Amino acid sequence: MSRKRPVRLVLVLPLLATLLAACASNPAGPSVQYLLPGAAQSALRGELPDIRLDTAGYLDQSGVVMQTSAVEVRAARQHQWAEPLPRQLARSLAARLARAGVAAPGRLEVLVTRFQGTAEGEAVIEGQWRFLGDQGDRAGTHFLERRPLQRDGYPALVEQLDEGWNAVADGIANGLTGATR
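A.B. asks: Any details on the packing of aromatic side chains? Residues and values, ideally.
C.D. replies: In this structure the tally under the stated criterion is 3 aromatic pairs. Ring centres of Trp 81 and Phe 115 lie 6.2 Å apart, and the angle between their planes is 50°; on these two criteria the pair is classed as tilted. Of this pair, Trp 81 sits in strand β4 (residues 73–81) while Phe 115 sits in strand β5 (residues 106–118), placing them 34 residues apart in sequence. No difference in accessibility class separates Trp 81 from Phe 115, as the two residues are buried.

Okay, here's the thing in structure tokens:
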């Protein structure tokens, strides 16, 4: 009888390992992917600056980020960006600048340090921008947008992040218009 127990364990352990691996590889449900509505617009008008947009390292991932405490952030596993966030932000910014009629040859550098939801029910967008014009003109400033969520859920968060980003883009457009006059 003592020989049968090790044989059973030998057969059970590989089966258990296989089941655990299968559970770990299958998410709890299908993922949902999001696009910023402003990123769907094109920017074909005007002489726009060369936009160089970067995000903080923790934002450079597919999951929508939630800040759960003063020091903790989590990227959602099942609520993801359909396309890299920096690409969406840059395209949306270019469309807003074109719509505002910005003609600013030069380089626009944008760093987004926060683009996330909070446990308090807000969408937060923070960062800074700097413009270096071809004629030596310069402009730039820090930006911070906080938007309360109108309802619960990731779709509401994405909508408020988009609205907040549009406000940031409009502020940049105003700053560029003033810098190139």
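Structure shown, so let's carry the discussion forward.
A.B. asks: Break down the pairing of strand β3 (residues 63–67) for me, citing the residues and quoting the values.
C.D. replies: Among the 5 residues of β3, 4 are classified as buried, and the element is accordingly described as predominantly covered. Relative to β4, β3 is paired through 4 bridges, and the arrangement is antiparallel. Following the sheet pairing, Gln 67 is matched in β4 by Val 73. The loop that links β3 with its antiparallel partner β4 comprises 5 residues. Pairing between β3 and β5: 2 bridges, direction parallel. Bridging from a neighbouring strand, Met 66 pairs with Gly 117 of β5.

A.B. asks: Describe the pairing of strand β6 (residues 122–133), naming the residues involved and giving the relevant values.
C.D. replies: In terms of burial, β6 is a largely internal element, 9 of the 12 residues being buried. Note: β5 against β6, 11 bridges, orientation antiparallel. For Arg 114, the partnering residue across the bridge sits in β6 and is Glu 126. The antiparallel pairing of β5 with β6 creates a hairpin that spans 3 residues between the two strands, and Gly 121 there sits at a positive phi of about 85°. Where β6 and strand β7 (residues 138–148) come together, 11 bridges link them in antiparallel fashion. Directly across from Ile 125, in β7, lies its bridge partner Glu 145. Between β6 and β7, which follow one another and run antiparallel, lie 4 residues, and Gly 136 among them has a positive phi close to 90°.

A.B. asks: Lay out the side chain of Gln 160 with the relevant residues and their values.
C.D. replies: Here Gln 160 is to be found in helix α3 (residues 154–179). When its relative accessible area of 8% is taken as the criterion, Gln 160 is described as buried. Ignoring sequence-local partners within four residues, the contact set of Gln 160 consists of Ala 123, Ile 125, Arg 147, Pro 148, Leu 149 and Gln 150.

A.B. asks: Could you give an account of helix α2 (residues 85–99), naming the residues involved and the relevant values?
C.D. replies: Compared with an ideal rise of 1.5 Å per residue, which puts 15 residues at 21 Å, α2 spans 21 Å between its outermost C-alpha atoms and is within 8% of the ideal. Along α2, the residues that are buried comprise Leu 85, Pro 86, Gln 88, Leu 89, Ser 92, Leu 93, Ala 94, Ala 95, Arg 96, Leu 97 and Ala 98. Backbone geometry just after α2 places Gly 101 at a positive phi near 75°.

A.B. asks: Describe the environment of Ala 98, and please don't skip the residues or the numbers.
C.D. replies: Residue placement: Ala 98 occurs in helix α2. Look at Ala 98 and you get buried, because its relative accessible area is 4%. For the pair Ala 98 and Leu 48, spaced 50 residues apart in sequence, the C-alpha to C-alpha distance is 6.9 Å.

A.B. asks: Run through the pattern of salt bridges, naming residues and quoting values.
C.D. replies: When their charged atoms lie close together, side chains carrying opposite charge are able to pair. Scanning all chains against the criterion turns up 12 salt bridges. Arg 52 is the partner of Asp 50 in a salt bridge, and the nearest nitrogen-oxygen pair spans 3.0 Å. With relative accessibility at 46%, the residue Arg 52 sits in the partly exposed group. The residue Arg 130 makes a salt bridge to Glu 109 at a minimum N-O spacing of 2.5 Å. Of this pair, Arg 130 sits in strand β6 while Glu 109 is found in strand β5, placing the two residues 21 residues apart along the sequence. Put simply, Glu 83, Arg 87 and Arg 91 are held in one network by salt bridges that share partners.

Parameters at a glance
Residues numbered from 1 in each chain as written. Predicted model: local features only at pLDDT ≥ 70, side-chain atom pairs only at ≥ 80, totals over all residues. Heavy atoms only, no water. Phe/Tyr/Trp six-rings, centres within 6.5 Å; stacked < 30°, edge-to-face > 60°. Helix = DSSP H or I, 4+ residues; strand = E, 2+ residues; numbered from the N terminus. Buried < 20%, exposed > 50% of the residue type's maximum accessible area, 1.4 Å probe, protein only. Pairing = 2+ DSSP bridges. Contact = heavy atoms within 4.5 Å. Expected span 1.5 Å × (residues − 1). Salt bridge = Lys/Arg side-chain N within 4 Å of Asp/Glu carboxyl O.

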